[in-house]
Amino acid sequence: MYNNCVKTLEINGLNLSFKLETGIYPTLFDVSLSLKKGEIHALVGESGCGKTMTAMSIIRLLPKNAVITSGSIIYNNTNLLTASENEIRNLRGREISLIPQDPMTSLNPLYTIENQLLEVINKDKTLSKKDAKRKAKDVLEMVKIPNAQDKLDSYPHELSGGMKQRVIIAMALASNSKIIIADEPTTALDVTIQAQIMKILNDIKNEFGTSILLISHDLGLVGEYADEISVMYSGHIVENSSKTEFFTNIKHPYSKALMESLPANNTGSLLKTISGQPPNIQEKIEGCRFSPRCEIYDKTICNNCPKLIDIGNNHKVACCRTNNN
Ligand SMILES: Nc1ncnc2c1ncn2[C@@H]1O[C@H](COP(=O)(O)OP(=O)(O)OP(=O)(O)O)[C@@H](O)[C@H]1O
Ligand code: SF4
Ligand SMILES: [Mg+2]
């Protein structure tokens, strides 16, 4: 049983812009989010809303033209945004692991699975060669890879997408990571495999108290496994609460629209879709960035960019009409 009030990681007021030939474009606006010990925190929103840039800011693997203009990311009393490159390199893949959407970007096609696991395991200099090899097999078994001993000799191309994703999760286990950032870890996989991978992540959380930042555009999928949910729209966190509070007292019009577009909430054959498209970073919008798509937009009330406000029960919402809906 883990004390899930202990914050493992805290993002405070993160602002990020992109430099393009035509100018500098703010992309993340005052993003704040905390990841508690032994918790799955889901970050949900449509494509382009800034989920990956938020995640990559944590491990400082951002595109060259990205500039963090303000904010802090605190882990173990250290601000990761100002830590030295060396410090960050030591955390990456050890204490903080990334599970990307496409597992091939993390696995080296030239090395066997065992070699890649041993590279991580051997960072612990206290293990004998025999113990390190045993640990490699153990972590593959923990992520339910059948015939783990045989799979150690395989190369990544010999494994299916789901198996490769398990190997990457095994690497996070091998390094005893405190935090796993799972960026759309199941998008490329079929539905049955998706559920298996989600269950493995959930088991890891329960067994080791690992904190998991689970990024997804699929509220239905993460809804099942998350402890806490943050909804992101156009670079802003627009709603944040525990999962229970979220599903019983959903407030933001965008979160509601996401919810209504879930297949389970539709009785007819046509899914309700959210009208319009999210804005791109170069689009200037006065006031609330969701206003062009919002069904309850009111020009007399929605004229400021709404701040994320605690409405009680640790439930935060960024909407000028929170009291009216
Ligand atoms: N190198 C770049 N230069 C300019 N804009 C960029 C760059 N990389 C990302 N962006 C923009 O930043 C915004 C946030 O991107 P991000 O990748 O974080 O979105 P996302 O929520 O992860 O989307 P997806 O669900 O498609 O992965 C998007 O509008 C994207 O177009
Ligand atoms: S502030 Fe206004 S436009 Fe924005 S989400 Fe709330 S009601 Fe809609
Ligand atoms: Mg992304």
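Our subject is the structure listed above.
Residues numbered from 1 in each chain as written. Chains lettered and ligands numbered in written order. Predicted model: local features only at pLDDT ≥ 70, side-chain atom pairs only at ≥ 80, totals over all residues. Heavy atoms only, no water.

**Looking at the pattern of salt bridges**
A side chain of one charge can pair with a side chain of the opposite charge when the charged atoms of the two come close.
Here comes step 1: A complete count under the given rule lists 11 salt bridges for this structure.
Here comes step 2: Lys-133 is the partner of Glu-114 in a salt bridge, and the nearest nitrogen-oxygen pair spans 3.7 Å. Taken together, the residues span a long stretch of sequence, with Glu-114 in helix H3 (residues 113-121) and Lys-133 in helix H4 (residues 129-142) at a distance of 19 residues.
Here comes step 3: Looking at Glu-114, the relative accessible area reads 11%, which means it is buried.
Here comes step 4: For Lys-133, a relative accessible area of 37% puts it in the partly exposed group.
Here comes step 5: Asp-131 is the salt-bridge partner of Arg-134, the closest N and O atoms lying 3.4 Å from each other. Note that Arg-134 and Asp-131 are positioned in helix H4 at a spacing of 3 residues, about one turn of the helix.
Here comes step 6: Put simply, Lys-36, Glu-39 and Glu-228 are held in one network by salt bridges that share partners. (Salt bridge = Lys/Arg side-chain N within 4 Å of Asp/Glu carboxyl O. Helix = DSSP H or I, 4+ residues; strand = E, 2+ residues; numbered from the N terminus. Buried < 20%, exposed > 50% of the residue type's maximum accessible area, 1.4 Å probe, protein only.)

**Some thoughts on the site of ligand 2**
Here comes step 1: The immediate surroundings of ligand 2 are formed by 13 residues, with Cys-288, Cys-294, Cys-302, Cys-319 and Cys-320 found nearest.
Here comes step 2: When grouped by side-chain class, the residues that make up the shell around ligand 2 number 10 nonpolar, 2 polar and 1 charged. (Near = heavy atom within 4 Å. Nonpolar A, V, L, I, M, F, W, Y, C, P; charged D, E, K, R; others polar.)

**Details of the side chain of Arg-166**
Here comes step 1: With respect to the helices and strands, Arg-166 occurs in helix H6 (residues 161-174).
Here comes step 2: Within the buried core, Arg-166 has no salt-bridge partner, and the shortest N-O distance to an opposite charge, that of Asp-190, equals 8.9 Å.
Here comes step 3: Excluding anything up to four places from it in sequence, Arg-166 contacts Val-143, Lys-144, Ile-145, Gln-196, Ile-197 and Ile-200. (Lys, Arg positive; Asp, Glu negative; His and termini not counted. Contact = heavy atoms within 4.5 Å.)

**Regarding the site of ligand 1**
Here comes step 1: Neighbouring ligand 1 are 15 residues, the closest being Ser-47, Gly-48, Lys-51, Thr-52 and Met-53.
Here comes step 2: Here an oxygen atom of ligand 1 sits 3.2 Å away from a polar atom, N or O, in the main chain of Cys-49.
Here comes step 3: Between Met-53 and ligand 1, the recorded distance is 2.9 Å, taken from a backbone N or O atom to an oxygen atom.
Here comes step 4: When ligand 1 is considered free in solution it has 640 Å² of accessible area, and contact with the protein chains removes 71% of it.
Here comes step 5: Among the elements of the structure, strand S1 (7-20) and helix H1 (51-59) are those that each provide at least two residues to the shell around ligand 1.
Here comes step 6: Tallying contributions element by element places H1 first for the shell around ligand 1, with 3 residues.
Here comes step 7: Partitioning the shell around ligand 1 into residue classes produces 6 nonpolar, 6 polar and 3 charged. (Polar contact = N/O pair within 3.5 Å; in protein donor to acceptor, adjacent residues only side chain to side chain. Areas by Shrake-Rupley, 256 points an atom, 1.4 Å probe, with all protein chains shown as cover.)

Taken by themselves, the reported measurements are silent on function.
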